[in-house]
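# Structure at a glance
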Amino acid sequence: MVSAPHGGRLIDRVARGPRAERLAEEASSMPTIDLNANMAYEVANLAHGVYSPLEGFMTQDDYESVLRSSRLVNDVPWTIPIVLDVSEQVAKQALNNDVALSYQGVRFAVLNVEDAYRWDRRAFAERVYGVLDPEHPGVSATMARQGEFLIGGRVELFRELPEPFERYRLWPKETRVLFEQLGWRTIAAFQTRNAPHLGHEFVIKSALTFTDGVFVNPLVGWKKKGDFTDEAIVRSYEALLTHYFPKGSYVFSVLRAPMYYAGPKEAIHHAIMRKNFGATHFIVGRDHAGVGRYYGPYDAWKAFEEFPDLGVTPLFLREFFYCTKCKAVVNEKICPHDDSARVRISGTEMRRMITQGQRPPDYMMRPEVADALIAMGERAFI
Ligand SMILES: [Zn+2]
């Protein structure tokens, strides 16, 4: 049984057939807000139910409730507000009206603006990230948002946005059917923003050992400098899954959504999204969605204690490494040896080797994965 959607009902705000045509026609004479890529794809995520039970951008009551208590007004757990910022002038004109939303000059959705309110970016940052350090990539992205006002209301999408990895774009409605067809009763979702090294593979396989299938669902879209490019993530997972996972044991699709680097709050957010895709379990690794040293390595695990009603089961998995005494890839729960026997899988070191066209050692990365990345050269990194 796939999991019930968050809040009980899978949201579908996608207009189809004649309704889509009519909306497109109406939208052509509406005031229009042109969105950047981040916000445009958030509209698509809202419309396709990724953020169920949200039907659109948050109104003030939900926004404040989430910042205050990590719950929507109706008490459903929610940790990161989904908001659209605009100028004061646009906010005032838009209030109580339908506005068209466009991306790269093409209208694709309508927003029924129910609410317009001033927001405090610092309060957002403080509550969501727990820090105000401008070096934190999430904080700096939030502080860089231009609009003084947020507008809230339901969206309706009438034209799909472009997706470079179309064959790997699946929406919750589709994955739910797919999981049922595969006969999976338990599904472990894996969030990532990296090309896979052996540590990731063992984390996923640990979860797969106890579930019917894994849903590998990397975030693509906005990231920080030094991260793997979207193409690198897709190509490297193709290599890993094809060569090292049994057929029928995984579903792979990309999710175009922002990365906040908000640690514990984002771990909950990631779990909610994957619950909407139908996952019953969610893998939470070491320093999930963390960056630098802002969060403790297992803070995200603790965050789940606050949400016994989340409706998706977290799978807490420790970091894997190579142990020269175990002669295996292990984690600290199953290896009794001390640090001198343990070889950590270093992302920085792997990156350096790949950039120089060298395969990292076998205990760090599968050769097929390394070759896929090496073939991309500089295009592998942002
Ligand atoms: Zn050992």
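Before reading on, note that the structure itself is shown above.
Owing to the predicted nature of the structure, the values given are computational and were not obtained by experimental measurement. Along each chain, residues carry numbers from 1 onward, in the same order as the chain's sequence is written. Only residues with pLDDT of 70 or above have their local features reported here, since the model is predicted, and side-chain atom pairs are shown and tallied only from 80 upward, although totals for entire chains, interfaces and linings are computed over all residues. Hydrogens and water are ignored here; the side-chain numbers use all heavy atoms of the structure.

Let us look at the coordination of the zinc ion. Donor atoms from the polypeptide that coordinate the zinc ion comprise Cys 323 (SG), Cys 326 (SG), Cys 335 (SG) and His 337 (ND1), at 2.2 to 2.4 Å from the metal. Here a donor is any nitrogen, oxygen or sulfur atom (N, O, S) within 2.8 Å of the metal, with 3.2 Å used for Na, K and Ca; water is not among the atoms considered, so some sites may look incomplete. For a four-donor site, all angles between 85 and 135 degrees give tetrahedral; for four or six donors, opposite pairs above 155 degrees with the remaining angles between 65 and 115 give square planar or octahedral; all remaining cases count as irregular. Coordination at the zinc ion is tetrahedral, judged from the four donor atoms that bind it and the angles of 99 to 117° they form at the metal. Read in sequence order, the donor residues coordinating the zinc ion give the pattern C-x2-C-x8-C-x1-H. According to the relative accessible area criterion, His 337 is partly exposed, its value standing at 23%. Only protein chains enter the accessibility calculation, which uses a 1.4 Å probe; a residue is then buried when its area is under 20% of its type maximum, exposed when over 50%, and partly exposed in between.

Axis definition: a line fit to C-alpha positions, over the contact stretch in the case of helices; interaxial angles, taken between N-to-C directions, run 0 to 180 degrees. Numbering goes from the N terminus for both helices and strands, where a helix is a DSSP run of H or I of at least four residues and a strand is a run of E of at least two. One way to put it is that helix H9 (residues 230-244) packs onto helix H13 (residues 367-376) with a least axis distance of 8 Å and a crossing angle of 155°. By the criterion of interaxial angle, the relationship of H9 to H13 is roughly antiparallel. Of the two elements, H9 crosses H13, and the hand of that crossing is right-handed. Across the interface between the two elements, Glu 231, Ala 232, Arg 235, Ser 236, Ala 239, Leu 240, His 243 and Tyr 244 from H9 touch Pro 367, Glu 368, Val 369, Ala 372, Leu 373 and Met 376 from H13. All residues other than Ala, Val, Leu, Ile, Met, Phe, Trp, Tyr, Cys, Pro, Asp, Glu, Lys and Arg, Gly among them, are scored as polar; the first ten of these are nonpolar and the last four charged. Here the contact of H9 with H13 is composed, by residue class, of nine nonpolar, two polar and three charged. An angle counts as roughly parallel when it lies under 35 degrees, as roughly antiparallel when it exceeds 145, as roughly perpendicular when it falls between 65 and 115, and as oblique in every other case. Left-handed describes a crossing in which the near helix is turned anticlockwise from the far one by less than a right angle; the clockwise case is right-handed. Residue contacts follow a heavy-atom distance rule, with two residues in contact if any of their heavy atoms lie within 4.5 Å.

Should the charged atoms of two oppositely charged side chains come close, the side chains can pair. Salt bridges are counted wherever a side-chain nitrogen of Lys or Arg sits within 4 Å of a carboxyl oxygen of Asp or Glu. All told, the structure shown has 27 salt bridges when counted by the stated rule. Put simply, Glu 88 and Lys 92 hold a salt bridge, and the shortest N to O gap is 2.7 Å. Here the residue Glu 88 and the residue Lys 92 both occupy positions in helix H4 (residues 88-94), the gap between them amounting to four residues, near one helical turn. A relative accessible area of 32% places Glu 88 in the partly exposed class.

Working definition: a ring pair exists when centres of Phe, Tyr or Trp rings (six-membered ring for Trp) sit within 6.5 Å. Plane angles under 30 degrees give stacked, over 60 give edge-to-face, the rest tilted. Under the definition given, this model contains 19 aromatic pairs. Between Tyr 51 and Trp 78 the ring centres are 6.3 Å apart and the planes differ by 70°, which places this aromatic pair in the edge-to-face class. Here the residue Tyr 51 occupies a position in the loop between helix H2 (37-47) and strand E2 (56-57), and Trp 78 occupies one in the loop between helix H3 (60-69) and strand E3 (84-86), the gap between them amounting to 27 residues. Judged by relative accessible area, which is 1%, Tyr 51 ranks as buried. Note on Trp 78: relative accessible area 0%, which makes it buried. Taking the centre distance of 6.5 Å and the plane angle of 20° together, the rings of Tyr 63 and Phe 124 count as stacked. Here Tyr 63 is found in helix H3, whereas its partner Phe 124 is found in helix H5 (residues 121-129), with 61 residues between them in sequence. A residue is classified by how much of its surface remains accessible, and Phe 124, at 1% relative accessible area, is buried. Joined through ring pairs, the aromatic side chains of Tyr 63, Tyr 117, Trp 119, Phe 124 and Tyr 129 make up one cluster. Note on criteria: charge over ring means Lys NZ or Arg CZ within 6 Å of the ring centre, with the direction from the centre no more than 35 degrees off the ring normal. The ring of Tyr 41 carries Arg 256 above its face, with NZ or CZ at 5.5 Å from the centroid. Between Arg 318 and the ring centre of Tyr 298, over which it is positioned, the NZ or CZ distance is 5.3 Å.

What follows is about the sheet that holds strand E16 (residues 342-343). By definition, two strands form a pair when at least two bridges between them are found by DSSP. Taken in spatial order, the three strands line up as E15-E14-E16 in an open sheet, and their pairing is antiparallel. Unpaired on one side and paired on the other, strand E15 (328-331) and E16 mark the two borders of the sheet. Both strand E14 (residues 320-323) and E16 contribute to a ladder of two bridges, which runs antiparallel. Paired with Tyr 322 across the bridge in E16 is Val 343. Strands in contact with helix H8 (residues 198-210) are E14 and E15; relative to E14, the strand with the most contacts, it is inclined by about 115°.

The pairing of E14 with E15 spans four bridges and is classified as antiparallel. When the bridges of E15 are listed, Tyr 322 appears paired with Val 329. If you look at the hairpin formed by E14 and E15, you'll find four residues sitting between the two strands, and Lys 327 has a positive phi there, around 55°.

With that settled, consider the packing of H3 against H5. The interhelical angle for the contact between H3 and H5, taken along N-to-C directions, is 45°, at an axis separation of 9 Å. With respect to H5, the element H3 is oriented oblique. When the axes of H3 and H5 are compared, the crossing they make is left-handed. Side by side, H3 and H5 meet where Tyr 63, Leu 67 and Arg 68 of the first sit next to Ala 123, Phe 124, Arg 127 and Val 128 of the second. Of the residues contributing to the contact of H3 with H5, the split by class is five nonpolar, no polar and two charged.

Glancing now at helix H1 (residues 17-27). Turning to H1, its buried residues number three or more, namely Ala 20, Leu 23 and Ala 27. Seen from one end, H1 has its buried residues packed into an arc of 65°, which puts them on one side. Of the residues in H1, the exposed ones pointing more than 90 degrees away from the buried face are Pro 18, Glu 21 and Glu 25. Where H1 is buried, its residues touch strand E1 (32-35), strand E4 (98-103), strand E5 (106-112) and strand E7 (149-157). For this quantity, the arc is that covered by the directions from the helix axis to the C-beta atoms.

This next bit is on the pairing of strand E12 (residues 281-284). A two-sided burial pattern is seen for E12, the buried positions comprising His 281 and Ile 283 on one face and Phe 282 and Val 284 on the other. As paired strands, strand E8 (residues 187-192) and E12 are joined by two bridges and run parallel to one another. Looking across to E12, one finds that Ala 188 is bridged to His 281. Pairing of E12 with strand E13 (residues 313-316), which is carried by four bridges, proceeds in the parallel orientation. What sits directly across from Val 284, in E13, is Phe 316.

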